[in-house]
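# Analysis of the macromolecular model
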Amino acid sequence: MKTKKNGISRNKLLVISGTGWMFDAMDVGILSFVIAAIAVEWHLSPAEMGWIGSMNSIGMAVGAFGFGLLADRVGRKNVFMMTLVIFSLASGLSALTTTLTLFLILRFFVGAGLGGELPVASTLVSESVSAKERGRVVVLLESFWAAGWLVAALIAYFVIPEYGWRIALILTALPAFYAIYLRRNLPDSPKFVSEGKPKQSFSAKMKLIWSKEYARRTTMLWIVWFTVVFSYYGMFLWLPSVMVMKGFDMIHSFKYVLIMTLAQLPGYFTAAWLIERAGRKFVLSTYLIGTAVSALLFGNAEGLVMLLVSGAFLSFFNLGAWGALYAYSPEQYPTAVRATGSGTAAAVGRIGGIFGPLLVGSLLTAGHGFGLIFGIFCGAIIIGVLAVIVLGTETKQIELE
């Protein structure tokens, strides 16, 4: 992974793109802890807490769709920088809010930036490395998500109890300055540069991803993205709050979530090791099954040990599955619509991310327990597994079109 392509080594490309990815994860991770903190300060109901996570996902759906289209027109690098600035500034500004309404509005813009950056970054990396290492490199790109979550958990544990959630959010504005570095050090995708700006209209692109050749792949991706994002944001944005509701104080809850988060790293690394050996379909379906079982165990766990163990396995399998999904998605389409295809699938997924947090809030308000809630997420993930197995096409080490 040391050879150069388009004037930049794979390692440097991975670190530069991965750092932006890490900042994304830091913002999402911080939000899960901030929700628990402002729920106490603003006396929020479970339903209102659910809306915070859902508004983030509404923005992500809009961003994934809109910026995916834009990346196929103006380039991956330009959109990568643009989305980084948008979510960083909006996140920092949200630290200054005093009302839930204004906080939700700014979270929409944060989500739009986050939702746009993720599929664009994975597309950029996919198009910049060779087929034999593409899957592994994209999963390693996803592993920066775990690093971002760890940073978020550390900020939450050390900063929020001492200095408050506003300072934590101000820290998330700092990544905007990283865009200056990106502008000077990150080349655009060699495939995009060589092919030039596509002439296809939006309707032509949508017709192509739903053509006879790609409809099966698109159907599979949309189902998998919806079920994975629905369950992920329903479970992980609520993790600190779940621990608080199970009777632990905020500081201990944040510490326990930090411990669970550590399991994300081996989840990514094992998926990266397996994906070029066992293939995309095997890794994605296996890690999703592990996620489903872990979700069921976590939702019904009572003692601290069982909560920590099942939560760690949930982090391990779920984030490994995410890595495989981001490697798999851009490989389904040709260069002209790769970012559009990946972006629209991610946008459909973000719709699931809207309903996940809201479902938790509404079921808790209605008096239902976490066993039922996490059982629903388990069932959703199994649907995603079936979609991969039945509709998925193996793309291991196949050259991109």
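What counts, and at which threshold
The residue numbering used here restarts from 1 in each chain and proceeds along that chain's sequence as written. Totals for whole chains, interfaces and linings use all residues, but because this is a predicted model, local features are given only for residues with pLDDT of at least 70 and pairs of side-chain atoms are given and counted only at 80 or more. The basis for the side-chain values is all heavy atoms of the structure; hydrogens and waters are excluded. For the purposes of this entry, the term helix denotes a DSSP run of H or I that reaches at least four residues, the term strand denotes a run of E that reaches at least two, and both are numbered from the N terminus. Under the convention used throughout, the expected extent of a helix is 1.5 Å for every residue step, that is, one less than its residue count. The rule is simple: take the accessible area with a 1.4 Å probe, protein chains only, and divide by the maximum for that residue type; under 20% is buried, over 50% is exposed, in between is partly exposed. Only Phe, Tyr and Trp rings are paired, with Trp represented by its six-membered ring, and only when their centres lie within 6.5 Å; those with planes under 30 degrees apart are stacked, over 60 edge-to-face, the remainder tilted. Here, nonpolar core means buried Ala, Val, Leu, Ile, Met, Phe, Trp, Tyr and Cys residues that are tied together by side-chain atoms lying within 4.5 Å of each other. All domain edges in this entry derive from an automatic or database-based domain assignment. We call two residues in contact when some of their heavy atoms are within 4.5 Å. Accessible surface is computed with a 1.4 Å probe, and the buried area is the amount of it that two parts give up when combined, taken over both parts together. What makes a salt bridge here is a side-chain nitrogen of Lys or Arg within 4 Å of a carboxyl oxygen of Asp or Glu, nothing more. Polar contact is the term for a pair of N or O atoms within 3.5 Å; when the atoms are in protein, one must be able to donate a hydrogen and the other to accept it, and sequence-neighboring residues count only if both atoms are side-chain atoms. In this analysis an axis means a line fitted to C-alpha atoms, helices contributing only their contacting stretch, and an angle means the value between N-to-C directions, from 0 to 180 degrees. The labels follow the angle: roughly parallel below 35 degrees, roughly antiparallel above 145, roughly perpendicular from 65 to 115, and oblique for the rest. Residues are sorted three ways: Asp, Glu, Lys and Arg are charged, Ala, Val, Leu, Ile, Met, Phe, Trp, Tyr, Cys and Pro are nonpolar, and all the rest, Gly among them, are polar.

## Concerning helix α16 (residues 304–328)
Compared with the 36 Å implied by 1.5 Å per residue over 25 residues, the 36 Å span of α16 between its first and last C-alpha is a close match. Counting buried residues in α16 gives 19 out of 25 residues, a clear majority hidden from the surface.

## Concerning the packing of aromatic side chains
By the definition in use, this model includes 27 aromatic pairs. On the numbers, 5.6 Å between centres and 85° between planes, the contact of Trp-42 with Trp-165 is edge-to-face. Here Trp-165 lies in helix α7 (residues 165–171) and Trp-42 lies in the loop between α1 (10–41) and α2 (46–74), a separation of 123 residues in the sequence. Per residue, the accessibility class of Trp-42 equals that of Trp-165, and both read buried. Three or more aromatic residues joined by ring pairs form one cluster here, namely Trp-21, Phe-33, Trp-149, Trp-225, Tyr-232, Tyr-233, Phe-236, Phe-254, Trp-322 and Tyr-326.

## Quick notes on the nonpolar core
One finds Ile-52, Phe-103, Trp-145, Trp-149, Trp-225 and Leu-284 to be the most contacted residues of the largest nonpolar core, which totals 132 residues. Element by element, the count of residues in this core is highest for α1, at 17 residues. The residue makeup of this core includes at least three contributed by each of domain 1 (10–187) and domain 2 (200–396). Residues within four places of Trp-145 in sequence aside, it is in contact with Trp-21, Asp-24, Ala-25, Val-28, Leu-118, Tyr-232, Tyr-233, Gln-264, Tyr-268 and Leu-319. Counting residues in each nonpolar core, the second largest holds five residues, with Phe-67, Ala-71, Val-79 and Val-120 among its members.

## Section: the domain arrangement of the chain
How big an interface is tends to be stated in terms of the accessible area lost upon association of its parts. The domains assigned to the chain are domain 1 (10–187) and domain 2 (200–396). If you look at the interface, domain 1 gives 55 residues, while domain 2 gives 57 residues. Summed over both partners, the interface of domain 1 with domain 2 comes to about 4,700 Å²; 73% of that surface belongs to carbon and sulfur atoms. Considering only the surface of domain 1 that becomes buried against domain 2, Val-139, Trp-149 and Tyr-157 emerge as the three largest contributors, covering 12% of it. For the pair domain 1 and domain 2, the interface holds zero salt bridges. Summed over the shared surface of domain 1 and domain 2, the result is seven residue pairs in polar contact (both at pLDDT 80 or more). At the level of secondary structure, the elements contributing two or more residues to the side of domain 1 that touches domain 2 comprise α1, α2, α4 (100–126), α5 (131–158) and α6 (160–163). With 19 residues, α5 is the single largest residue contributor to the side of domain 1 that touches domain 2.

## Describing the packing of helix α13 (residues 250–262) against helix α14 (residues 264–275)
In the contact formed by α13 and α14, the axes pass within 4 Å of each other and the chain directions differ by 15°. Relative to α14, the element α13 is oriented roughly parallel. Judged by residue contacts, Met-260, Thr-261 and Leu-262 of α13 engage Gln-264, Leu-265 and Pro-266 from α14. The residue inventory of the contact of α13 with α14, partitioned by class, reads four nonpolar, two polar and no charged.

## Remarks on the packing of α1 against α13
Packing of α1 against α13 leaves a shortest axis separation of 11 Å and a crossing angle of 170°. Relative to α13, the element α1 lies roughly antiparallel. Facing Phe-33, Ala-36, Ala-37 and Val-40 of α1, the residues of α13 in contact are Met-250, Phe-254 and Val-257. Tallied by class, residues from the contact of α1 with α13 come to seven nonpolar, no polar and no charged.

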